[in-house]
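# Observations on the model geometry
So the chains spell out like this:
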Amino acid sequence: MKKLVLLGALALSVLSLPTFADEKPLKIGIEAAYPPFASKAPDGSIVGFDYDIGNALCAEMKVKCVWVEQEFDGLIPALKVRKIDAILSSMSITEDRKKSVDFTNKYYNTPARLVMKEGSVVSDNLAELKGKKIGVQRGSIHNRFAEEVLKPLGAEIKPYGSQNEIYLDVAAGRLDGTVADATLLQDGFLKTDAGKGFAFVGPQFTDEKYFGDGIGIAVRKGDKADLDKINGAIAAIRANGTYKKIQDKYFDFDIYGK
């Protein structure tokens, strides 16, 4: 338990405000229901790519941090009311979100995909989705994409609080499919027993209007000092091999992207 507190303290400093100088803990918001990026181990600790990256950034920054669990759609509101000081939770950098928060440079980038029953045929125009029930995580970029692109094509969009809830309903047949990050879907569902009989269908989704410029760390608007420090730490762990070591623990490809 003490180790977890120490790791959490380290991870949060990576995103500090002027609080760095005061050595006050910096609170990082994360949703721990998004494997392999963040999830709960049997002992209740947080594990995953996002968590490890955060801890590495904090170590590079030589600051203390505290991890705060929060449902994804509540992360930006929590940041605004200073319940947390930064968001490190696979949040895509989009123009819409930039109105509310400031983002660091990306720390990874992957496309979105659609998962349905294996053998399902979905063409590039997505016409086959008419009448299909598609689950999306509430407040995510995939939620907006589904509402603005898939719903007009006749798909029935069902928002959920977490991706894990969606997997349960897809496996049980209450949903026809889900749209989410491709890596998340592969590791969190398709590679599991629950995901047997399901597969990626249709095209990759990469439209910057919805999926932005990669995944970044969000801080409050105008917090340039933190942005510069975190960006410096991201560049440092990329250069010194720490990033690759963490990446190789979870993925067999370059998740950073181009």
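Here, every reference points to the structure presented above.
Here's what I pulled together on the structure shown here. (Residues numbered from 1 in each chain as written. Predicted model: local features only at pLDDT ≥ 70, side-chain atom pairs only at ≥ 80, totals over all residues. Heavy atoms only, no water.)

## Details of the side chain of T178
Basically, it comes down to this: In DSSP terms, a helix is any run of H or I states spanning at least four residues, a strand is any run of E spanning at least two, and both are numbered starting from the N terminus. Polar contacts, as counted here, are pairs of nitrogen or oxygen atoms within 3.5 Å of one another; within protein the pair requires one atom able to donate a hydrogen and one able to accept it, and residues that are adjacent in sequence qualify only if both atoms are side-chain atoms. Contact between two residues is taken to exist if any of their heavy atoms lie within 4.5 Å; hydrogens are not considered.
Looking at the secondary structure, you find T178 in strand β10 (residues 177-181). At 3.0 Å, the side chain of T178 and the side chain of Q163 are in polar contact. Setting aside residues up to four positions removed in sequence, T178 forms contacts with R113, L114, V115, I134, G135, Q163, I166, V170 and L185.

## A short note on unusual backbone geometry
The step from P35 to P36 runs through a cis peptide bond, and the omega angle for that step is 5°. Non-glycine residue K62 carries a positive phi angle of around 60°. In this fold, K62 is placed in the loop between α3 (49-61) and β4 (65-69). For S90, which is not glycine, the phi torsion reads 50° and is therefore positive.

## A few points about the environment of D213
Inclusion rule: For the exposure calls, accessible area comes from a 1.4 Å probe over protein chains only, and a residue counts as buried if that area is under 20% of its type's maximum, exposed if over 50%, partly exposed in between.
In this fold, D213 is placed in the loop between α9 (208-211) and β12 (215-220). Residue classification places D213 among the partly exposed positions, given a relative accessible area of 38%. On a C-alpha basis, the gap between D213 and V122 in space is 26 Å, while along the polypeptide they are 91 residues apart. Sequence-distant contacts of D213, that is, excluding residues within four places in its chain, are made with I93, K98, K106 and E208.

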